[in-house]
Amino acid sequence: MARDFRHALDDMNAAIIGIQTAAAGKTIQDYSSDWMLRHALQRAIEIISEASRSLPDDVRATRPEIPWQRVKTIGNVIRHEYHGLSDPILWSVIIDEIPQLERAVSALMEQYP
């Protein structure tokens, strides 16, 4: 039996909270120089990416401001292109895109309790 997509929303929400907590008060220099921080945040992004694949198309369509295809594929980039990852790009995802995703996931969790 397939897992209910609301569990994926819970997983995404938990990863987002983890990212926001770990990144709070940090700079890109902190991110770049701290192996544990960098890998923890990358793993959380992977979880978000994988969980987003479980959301039905009609659910994703209710939040068109989110580039769902990019969310779905960033995990593959982190997993398979890890040697070429750009700290500035990933830090930008963490700082600029995670807050928008957090708002969308929160809204979806309210819409689909």
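Presented here is a report on the structure given in the accompanying data block. (Residues numbered from 1 in each chain as written. Predicted model: local features only at pLDDT ≥ 70, side-chain atom pairs only at ≥ 80, totals over all residues. Heavy atoms only, no water.)

The next thing to look at is the environment of A40. Inspection of the secondary structure assignment puts A40 in helix α3 (residues 35-52). For A40, a relative accessible area of 41% gives the class partly exposed. Spatially, the C-alpha atoms of A40 and I19 are 8.2 Å apart, while their sequence positions differ by 21 residues. (Helix = DSSP H or I, 4+ residues; strand = E, 2+ residues; numbered from the N terminus. Buried < 20%, exposed > 50% of the residue type's maximum accessible area, 1.4 Å probe, protein only.)

This part takes up the pattern of salt bridges. Under the defined criterion, the tally for this structure stands at seven salt bridges. Its salt-bridge partner being D57, residue R60 comes within 2.3 Å of it at the nearest N-O pair. Of this pair, R60 and D57 both sit in helix α4 (residues 57-61), three residues apart, roughly one helical turn. We classify D57 as exposed; its relative accessible area is 58%. Sharing partners across several salt bridges, the network here consists of E46, E50, R53 and R79. (Salt bridge = Lys/Arg side-chain N within 4 Å of Asp/Glu carboxyl O.)

Considering all chains together, one arrives at two aromatic pairs under this definition. Considering the side-chain rings of F5 and Y112, the 5.4 Å spacing of their centres and the 80° angle between planes classify their relative orientation as edge-to-face. Linking F5 in helix α1 (residues 5-23) with Y112 in the segment after α6 (87-111), this pair joins segments that are 107 residues apart in sequence. In this structure F5 comes out as buried when scored by relative accessible area, which is 17%. Ring geometry for Y31 against W91: centres 5.5 Å apart, planes inclined by 40°, an arrangement best described as tilted. On the criterion of sequence distance, the pair formed by Y31 in helix α2 (residues 28-33) and W91 in helix α6 is long-range, its members being 60 residues apart. (Phe/Tyr/Trp six-rings, centres within 6.5 Å; stacked < 30°, edge-to-face > 60°.)

The terminal C-alpha atoms of α3, which comprises 18 residues, lie 26 Å apart, in line with the 26 Å expected from a rise of 1.5 Å per residue. Taken together, the buried positions of α3 are L37, R38, L41, Q42, A44, I45, E46, I48, S49, A51 and S52. Buried-residue contacts for α3 involve α1, α2, α4, α5 (68-80) and α6. (Expected span 1.5 Å × (residues − 1). Contact = heavy atoms within 4.5 Å.)

Such coordinate-based values are descriptive only and should not be taken to indicate function.
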